Amino acid sequence: MSVQGEVAAPAPKRRRKAHPRLAQMARTWYFFRRNTLALVGLAVLVLIAGTAVYALTQPLPWYKMPVYCASDWGPGNPNSTWPKPYAGNNALGCSHVCTYEVSPPPNAAQYCDGQWYKTPLYTGGGINITFASFIPPTITLSPFSVGPMPLGGLTTQLGGVNAYDTYRSLLRGADWSLAFSVSIVGIGALVGLLVGAVAGFFGGVIDDVLMRIVDVFLSIPVILFVVVVVVVAGSAVVTLGPLDAISTRLFMLIVGFALVWWPFYARLVRGQVLVVREQKYVEAARASGASKGRILFRHIVPNSVYPIFIQFSLDVGTIPLLIGGLVFLGFGPELFPFVPFPEWGSIAAVSVIDMQEFLGQCFLPSGCAIPWWQLFFPGLALFMFAISVNLLSDGLRDALDPRLRR
Amino acid sequence: MRMATYIVRRLLLILPVLIGVTTITFLLFTSLPVSYQLLAHFGVPGQKAPCGGYFPSCDCEEINPHSVSNTTCQCPATVTSPATNTTPYASCPNPLYVSDVHQLGLDKPIPVQWATYIYNSFTFQWGTVSNNSYIVNHGGVAFIADVPVVTVLSWFLPYTLELAILSLIIILAIAIPLGNASAVNRNRPVDQLSRVMSFSGYAIPAFLLGSFLVVGLTLILLPTVGLTSHQPWCPGGEPLTQEFTYSWPQGGKACYPHQLLFPENYPHWLTYGVISHPTGFPTVDAMIHGDYWLALDSIIRMIVPALVIAYGTVAGLLRFVRNSMLEVMNLDYVRTARAKGVPEKAVIRRHAGRNSLNVTITVLGLTFAFFVGGFPVIESVFHLWGVGELLAYSVVPNIDFAMIFGSTLLFTFLVVGANIIVDVLYAFLDPRVRIG
């Protein structure tokens, strides 16, 4: 009985052996977890992603002053007589009535479509400049003050140098930045993965031809290429499928970046595939009669994608910087007119441009307060995004590359 | 293989790359509307042109006044204007449009157009600067209107090249020692410092950093040195703050060449035209003329922009230098060198350092396209004169297609050339490349 009982007793529970790839992931996570900085980066990224999800429920900001409501007023236009009430409904589609705050020019703001818009920057001789309607001239400090951030801070329409809602732009910037970065680098990485894998696996003429194409694309400067692509798309009258003209330009922005991005990945993957395809398990798969496609996509590609993850996470952070550079070159209101483009890089660039205008009009010794928050917070968002992505990438590399493990 | 053979072979290999690059540019160029292509190639037609522009067709009256129904106009059809719906007008093909389309070969099949475009690109027929472009109307450089793009680029390229050389020197002077030091002192403060530098260089866009520096330096310099100071090289006086921030003087206070609109402010030799401008490089020209203050002036103006460029580029370079140095330090011959008693400094510099240089140069070559692509932004932040500034001016309306395509071609050719130099350097540093 007792013997029988012993036999019937359940065997000690053996831990099931994990799938090797899962085991590797667990190992990676183990090493990743011990890297505090990488964890911080991950946390910030998760925060940004959460913000992005929340931002999707929020309306788009009016990001640039709608010119059709205000172009013909204010001392900036020498022919205008101020104040000049303007009823909308013109050819550009402003169908609402714009009114102005009834007050003297320095403190005037424009109320349009439920929001406050730009205040005139000039008063009289262009010396004493106030920049926001609700900051009285008395607290413009001299000579080199930074302006006090107004009460209510970012959540109000500041009506400062640039007439956009900083808070709302930053909020929507979370999802726009993420969407742009991930889609651009994602497309680039996918194409690069395919091209690199095919070139590395088949070798010979295919490899030569593909790598020459990669060389060609690698020698085109990134920003210039995107400039050309977007300009061409903007000047051509064609629109793509269901997209309107503006969406076509935004789409071409993505396509332009992706076109210059894939060759880096193609090179990276090719180098990795060249190593992996000589491994024993590939030989074993070939011996057991696996087809070429199966060998490539089941054995070689999954084992050569790790460098892609590292590079991917690194590149995602640089996209907003590059888009900011583009906008700084003049791709904001000019090529995307009347459209909010709340991408963090773009917001920062527009802020910089407007700040330069502001400082140019502002003769410092006579005093003008600098609306620093318009530059600081977009810059901070940009910086946080890029640096968290960087930390993440560093942690990933340390966890994935055993040679670099500390 | 001998070095010369290697170089010749490498030079032959760039031909397909150049053709590929121009093909891509051609594909983009052909997708422009025909009128824009004509504008980019021939410039804006003058006032006397029929219809005043490159419209495919125009009213008979515009071509041949007082003869709307005249047979000399040879109008194919009488069209009713959809806009007015009342006055019928005769429409003719625009003769200028027709002849220029024919001259540029746009009526030929695409492969022929492609061949023509490549021929034009290689023979530097890159089109004409539009006299409607922003830089002509607002940038204060009216002298570049209606001039071939290549000519304008050749005026401005030396400025960009000087900036590029200066920033390359700074980049190498920072990246190599710092990368080596951080590899040798792994996980020590130097290493952490270089990591922080690398991270932040990735995360701060150049236009933001540059603008902060412009504003910051202005604020710092203004109260200490006053608004204007008279310097030996600028008797008229210019704001000293602009010396470091706005690299080429604005307004009428130029001390240095670049405002042909105000020739009285120039050093006398600069107004004499090409003969007194032997190289085109501002610093070199000033030196040739013995104007040493001016040479110093033009270098000082480039320092801050070059530092900003270097900051971004070094960030990308540092981790490669560090990693390659780490790998080399673990190799056997380094251990051998140590074992036979070579001093540690010599081991690091002569044995390990030289071999990790290969990777540095390769990565520099690979990222050169990024490096060059950053110039438009930097030059427009600091108001530097150069090709990038031209490009920045030509993307705002009215868009100057000739300038955009021309500077893209130029930068691409520059990158290809730089890659050749990198390859030759690589072969020089690592004999295995040319032997194997």
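The rules behind the values
- Per chain, residues are indexed from 1 in the order of the written sequence.
- Lettering for chains starts from A, numbering for ligands starts from 1, and both go in the order in which the items are written.
- Since the coordinates come from a predicted model, pLDDT governs what is reported: local features require at least 70, and pairs of side-chain atoms require 80 or more to be given and counted, while whole-chain, interface and lining totals use all residues.
- Secondary structure counts use DSSP, requiring at least four H or I residues in a row for a helix and at least two E residues in a row for a strand, with both numbered from the N terminus.
- Here the C-beta atoms are placed from the backbone, and a residue counts as buried if at least 20 other C-beta atoms lie within 10 Å of its own, exposed if 12 or fewer do, and partly exposed otherwise.
- Residue pairs are scored as contacts if the distance between their C-beta atoms, which are placed from the backbone, is within 7 Å.
- Just so you know the grouping, Ala, Val, Leu, Ile, Met, Phe, Trp, Tyr, Cys and Pro go in nonpolar, Asp, Glu, Lys and Arg go in charged, and all remaining residues, Gly too, go in polar.
- The axes used here are C-alpha line fits, helices contributing only the stretch in contact, and every angle between their N-to-C directions lies in the interval 0 to 180 degrees.
- Any angle from 65 to 115 degrees is called roughly perpendicular, while one under 35 is roughly parallel, one over 145 is roughly antiparallel, and all others are oblique.
- Definitions for this section: a left-handed crossing has its near helix turned counterclockwise from the far helix by less than a right angle. A right-handed crossing has that turn clockwise.
- Among buried residues, those of type Ala, Val, Leu, Ile, Met, Phe, Trp, Tyr and Cys that are joined through C-beta atoms within 7 Å form a set called a nonpolar core.
- Each C-beta atom gives one direction from the helix axis, and the arc is the one those directions make.
- For every residue, the predictor states its confidence as a pLDDT score lying anywhere from 0 to 100.

Trainee: Go over the overall build of chain A with me, naming the residues and quoting the values.
Mentor: The secondary structure content of chain A amounts to 13 helices and 4 strands. Taking all 406 residues of chain A together, the buried fraction comes to 45%. Partitioning the contacts of chain A with sequence separation of at least 6, the portion at a separation of at least 24 is 73%.

Trainee: Provide a residue-level description of the overall build of chain B, including the pertinent values.
Mentor: If you tally the helices and strands in chain B, you get 19 helices and 5 strands. Across the 436 residues that make up chain B, the buried fraction comes to 40%. Of all intrachain contacts in chain B linking residues separated by at least 6 positions in sequence, the fraction that spans at least 24 positions is 66%.

Trainee: So, the interface of chain B and chain A: which residues are in play, and what are the values?
Mentor: Contacts between the two partners involve 43 residues from chain B and, on the opposite side, 45 residues from chain A. Contributions of two or more residues to the side of chain B that touches chain A are made by helix 1 (3-30), helix 8 (189-203), helix 9 (206-225), helix 15 (368-373), helix 16 (375-381) and helix 18 (401-429) of chain B. Its residues assigned to classes, the side of chain B that touches chain A shows 34 nonpolar, 9 polar and no charged.

Trainee: Could you give an account of helix 2 (residues 34-42) of chain B, with specific residues and numbers?
Mentor: All names here are of chain B. Within the sequence span of helix 2, burial applies to Gln 37, Leu 38, Leu 39, Ala 40 and His 41. Looking at the packing, one finds that the buried side of helix 2 touches helix 1, helix 4 (95-104) and helix 18. Of the residues trailing helix 2, Gly 43 is marked for its positive phi of about 80°.

Trainee: Report on the packing of helix 7 (residues 222-235) of chain A against helix 18 of chain B, specifying residues and quantitative values.
Mentor: Geometrically, a packed helix pair is captured by the angle between its two axes and the distance between the axes. It is the contact of helix 7 of chain A with helix 18 of chain B, at a shortest axis distance of 10 Å, that shows an interaxial angle of 155°. Here helix 7 of chain A is positioned roughly antiparallel relative to helix 18 of chain B, judged by the angle of their axes. Of the two elements, helix 7 of chain A crosses helix 18 of chain B, and the hand of that crossing is left-handed. Counted together, Leu 224, Val 227, Val 228 and Val 231 of chain A of helix 7 of chain A and Ile 404, Phe 405, Thr 408 and Phe 411 of chain B of helix 18 of chain B form the full contact between these two elements. The class makeup of the residues in the contact of helix 7 of chain A with helix 18 of chain B is 7 nonpolar, 1 polar and no charged.

Trainee: Quick rundown of the nonpolar core? Include the residues and the values.
Mentor: Residues Val 226 and Val 227 of chain A are the most contacted members of the largest nonpolar core, which totals 170 residues. Dropping the residues within four chain positions of it, Val 227 of chain A is found in contact with Leu 326 of chain A together with Val 395 and Ile 404 of chain B.

Trainee: Explain helix 4 of chain B residue by residue, including any values.
Mentor: Residues and elements named next belong to chain B. If you check which residues of helix 4 are buried, you get Leu 96, Tyr 97, Asp 100 and Val 101. The buried residues of helix 4 occupy one face: seen down the axis, they fall within an arc of 125°. Turned more than 90 degrees away from the buried face of helix 4, the exposed residues are Ser 99, His 102 and Gln 103.

Trainee: Outline the confidence of the model for chain B, listing residues and values.
Mentor: All names here are of chain B. In the predicted model, chain B carries a mean pLDDT of 76, and 73% of its residues have values of at least 70. Mean pLDDT values for the elements of chain B range from 37 in strand 4 (residues 229-231) up to 94 in helix 5 (residues 110-122). Here the complex is predicted with pTM 0.78, and the ipTM for its interfaces comes to 0.80.

Trainee: So what about the packing of helix 2 (residues 20-33) of chain A against helix 13 (residues 373-400) of chain A? Which residues, and what values?
Mentor: Residues and elements named next belong to chain A. Interaxial distance between helix 2 and helix 13 falls to 8 Å at its minimum, and their mutual angle equals 125°. The pairing of helix 2 with helix 13 is recorded here as oblique in orientation. When you trace helix 2 past helix 13, the crossing you get is right-handed. Seen from helix 2, the contacting residues are Thr 28, Phe 31 and Phe 32; seen from helix 13, they are Gly 395, Leu 396, Asp 398, Ala 399 and Leu 400. Looking at side-chain class alone, the contact of helix 2 with helix 13 contains 5 nonpolar, 2 polar and 1 charged residues.

Trainee: Talk me through the environment of Tyr 134 of chain B; I want residue IDs and the actual numbers.
Mentor: Residue and element names in this part refer to chain B. Mapped onto the fold, Tyr 134 is located in helix 6 (residues 134-137). When the 19 C-beta atoms within 10 Å are taken as the criterion, Tyr 134 is described as partly exposed. Spatially, the C-alpha atoms of Tyr 134 and Leu 390 are 9.8 Å apart, while their sequence positions differ by 256 residues.

Trainee: Give me the lowdown on the confidence of the model for chain A, citing residues and values where you can.
Mentor: Residue and element names in this part refer to chain A. Scored by pLDDT, chain A has a mean of 70; 61% of the residues are at 70 or more. When mean pLDDT is compared element by element in chain A, helix 3 (residues 36-55) scores highest at 92, while strand 2 (residues 97-100) scores lowest at 33. Predicted confidence is poor over residues 63-147, with pLDDT under 50, and the contacts of this stretch with residues over four places away or in other chains come to 147 contacts.

Trainee: Lay out the environment of Gly 186 of chain A in plain terms, naming residues and giving numbers.
Mentor: Residues and elements named next belong to chain A. Looking at where Gly 186 falls in the secondary structure, it is placed in helix 5 (residues 166-202). Since 16 C-beta atoms lie within 10 Å of it, Gly 186 is described here as partly exposed. For the pair formed by Gly 186 and Trp 261, sequence separation is 75 residues and the distance between their alpha carbons is 9.5 Å.

Trainee: Tell me about unusual backbone geometry, and please be specific about residues and values.
Mentor: All names here are of chain B. Positioned with a positive phi, Phe 124 is a non-glycine residue whose angle comes to about 60°. Residue position: Phe 124 is located in the loop between helix 5 and helix 6. C-beta crowding within 10 Å serves as the criterion here: with 15 such atoms nearby, Phe 124 is assigned to the partly exposed category. Unlike most non-glycine residues, Asn 187 shows phi in positive territory, near 65°. You can see Asn 187 is positioned in the loop between helix 7 (149-184) and helix 8.

Trainee: Please give an account of the environment of Gly 388 of chain B that cites residues and values.
Mentor: All names here are of chain B. One can find Gly 388 in helix 17 (residues 387-394). Spatially, the C-alpha atoms of Gly 388 and Ser 57 are 36 Å apart, while their sequence positions differ by 331 residues. If near-sequence neighbours (up to four positions away) are discounted, Gly 388 is found in contact with Thr 160, Phe 375, Pro 376, Ile 378, Glu 379 and Ser 380.

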